[in-house]
Amino acid sequence: MSRSPLVLLPGLLNTRRVYDHQVEALADIADFTIPELWHHETMAAMAEATLALAPPTFALCGFSMGGYVAFEIFRRAPHRVERIALMDTQAGPDSPETAARRRGFIEQTRIGRFHGVHPTLLPQLVHPSRAADTAVTQPLLDMATEVGGDGFVREQQAILGRADSRPLLVDIEVPALVVVGRQDLVTPPARAEEIATDIANARLVVIEECGHMAPLEKPAEVSAALRRWLTQ
């Protein structure tokens, strides 16, 4: 079987490791490009860097912040995107409260108060049943350490400056997959439903007993959904 070029976009404070399970599970059908996005401070720069690395055409999957980058890539080069998957993300902008919180994180980091993913934040990121599961939580802590404070600031600045992608949804006509954890507190299922409703060829997959970190929390279910999307 020939393999599909697949671009995987990590989320905030994530490295390529967030997709380790999917890379292993889909190696028989996909060739992977996984950019490290934290080196860039705008969505435009993240998108252009990814397009420079990617094959001429490809399947595109964005998780969380990676979903924002996926929208920007589609906005810039729709002819290169053969299909699109959007996981635990949203198309709309931040609420004023969320934007203010991001700016606060940036200021705290700039004065030397970057602590990565603090263990007290884990209940916001993963399902309560997984908050003490080191197979899920340790990669989160390690990835945040690797990205570091400077990378975190760049990512938050990019997120704050992103465009509202809701008007773009009706222009997406390629096969689309939308995945969300049922208990995702960061980008709740209602945000995924909004995306899936407005994309013509979208399939919505809600993963039960799962928080925001679906690729790590429920790797088999995520990989199965991606396999079906890649081969349909």
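In what follows, the structure referred to is the one given above.
This report concerns the structure included in the present document.

The rules behind the values
Residues numbered from 1 in each chain as written. Predicted model: local features only at pLDDT ≥ 70, side-chain atom pairs only at ≥ 80, totals over all residues. Heavy atoms only, no water. Helix = DSSP H or I, 4+ residues; strand = E, 2+ residues; numbered from the N terminus. Rg over C-alpha atoms; globule rule 2.2 N^0.38 Å. Buried < 20%, exposed > 50% of the residue type's maximum accessible area, 1.4 Å probe, protein only. Contact = heavy atoms within 4.5 Å. Areas by Shrake-Rupley, 256 points an atom, 1.4 Å probe, with all protein chains shown as cover. Lys, Arg positive; Asp, Glu negative; His and termini not counted. Charge placed at Lys NZ, Arg CZ, Asp CG, Glu CD. Pairing = 2+ DSSP bridges. Axes fitted to C-alpha atoms, helices over the stretch in contact; angles between N-to-C directions. Phe/Tyr/Trp six-rings, centres within 6.5 Å; stacked < 30°, edge-to-face > 60°. Core = buried A, V, L, I, M, F, W, Y, C linked by side-chain atoms within 4.5 Å. 1 Å grid on protein atoms, 1.4 Å probe; cavity = no way out; pocket = protein on both sides within 12 Å on 5 of 7 lines; lining within 4 Å. Points joined across faces, edges and corners; volume = space filled by probe spheres on them.

## Some remarks on the overall build of the protein chain
Thought 1: From N to C terminus, the protein chain includes nine helices and six strands.
Thought 2: In terms of overall dimensions, the protein chain is globule-like: its C-alpha atoms have a radius of gyration of 16 Å, near the 17 Å expected for 232 residues.
Thought 3: Across the 232 residues in the protein chain, those meeting the buried criterion constitute 52%.
Thought 4: Counting contacts in the protein chain only where the partners sit at least 6 residues apart, residues at least 24 apart contribute 78% of the total.
Thought 5: Just so you have it, the protein chain exposes about 10,100 Å², and 52% of that area is on carbon and sulfur atoms.
Thought 6: Within the protein chain, the 29 negative side-chain charges are centred at a point lying 1 Å from the centre of the 22 positive side-chain charges.

## Some points on the sheet that holds strand S2 (residues 30–33)
Thought 1: Here we have six strands laid out as an open sheet, ordered S2-S1-S3-S4-S5-S6, and parallel in their pairing. Of all the strands in the sheet, just S2 and strand S6 (202–207) have a single pairing partner and so form its edges. The sheet shows a mean angle of 20 degrees between the axes of neighbouring strands, taken without regard to direction.
Thought 2: Pairing of strand S1 (residues 4–9) with S2, which is carried by four bridges, proceeds in the parallel orientation. Looking across to S2, one finds that valine 7 is bridged to threonine 33.
Thought 3: Across the face of the sheet, helix H3 (residues 65–76) comes into contact with S1, strand S3 (58–63) and strand S4 (81–87) while running at roughly 145 degrees to S3.

## Overview of the packing of aromatic side chains
Thought 1: On inspection of all chains with the given rule, the structure shows one aromatic pair.
Thought 2: Relative to phenylalanine 152, the ring of phenylalanine 105 lies with its centre 6.3 Å away and its plane at 55 degrees, an arrangement referred to as tilted. Taken together, the residues span a long stretch of sequence, with phenylalanine 105 in helix H4 (residues 96–110) and phenylalanine 152 in helix H6 (residues 134–160) at a distance of 47 residues.
Thought 3: Owing to a relative accessible area of 39%, phenylalanine 105 belongs among the partly exposed residues under this scheme.

## Describing the pairing of strand S5 (residues 176–181)
Thought 1: Burial runs high along S5: six of the six residues are buried.
Thought 2: Side chains Ala176, Val178 and Val180 of S5 all project onto a buried face; the interleaved residues Leu177, Val179 and Gly181 project onto the opposite face, where all are buried too.
Thought 3: Across four bridges, the pairing between S4 and S5 is parallel. Paired with alanine 85 across the two strands is leucine 177, which belongs to S5.

## A few points about unusual backbone geometry
Thought 1: In this model, serine 64 sits at a positive phi of 55 degrees, which is unusual for a non-glycine residue.
Thought 2: Tracing the sequence through the fold places serine 64 in the loop between S3 and H3.
Thought 3: Look at glutamate 209: it is not a glycine, yet its phi comes out positive at around 50 degrees.
Thought 4: Mapped onto the secondary structure, glutamate 209 falls in the loop between S6 and helix H8 (214–217).

## Focus on the nonpolar core
Thought 1: By size, the foremost hydrophobic cluster in this structure holds 38 residues, and its most contacted members are Cys61 and Trp229.
Thought 2: The greatest single-element share of this core, amounting to six residues, is contributed by H6.
Thought 3: Those residues in contact with tryptophan 229, other than ones at most four positions away along the chain, are Leu6, Ala59, Leu60, Cys61, Arg83, Ile84, Ala85, Pro175, Ala176 and Leu177.
Thought 4: In terms of nonpolar packing, the next biggest core, distinct from the first, is built from 35 residues, Val7, Leu51, Ala176 and Ala196 among them.

## Things to note about the layout of surface pockets
Space left empty within the atom packing is revealed by a probe, the size of a water molecule, rolled over the atoms.
Thought 1: Put simply, the largest pocket is a space of about 1,000 Å³.
Thought 2: Taken together, 40 residues line the largest pocket, and the ones lying closest to its centre are Leu12, Arg102, Phe105, Leu125 and Gln156.
Thought 3: Listing elements by their share of the lining of the largest pocket, those giving two or more residues are H3, H4, helix H5 (122–125), H6 and helix H7 (189–198).
Thought 4: The dominant element in the lining of the largest pocket, judged by the number of residues it contributes, is H4, at six residues.

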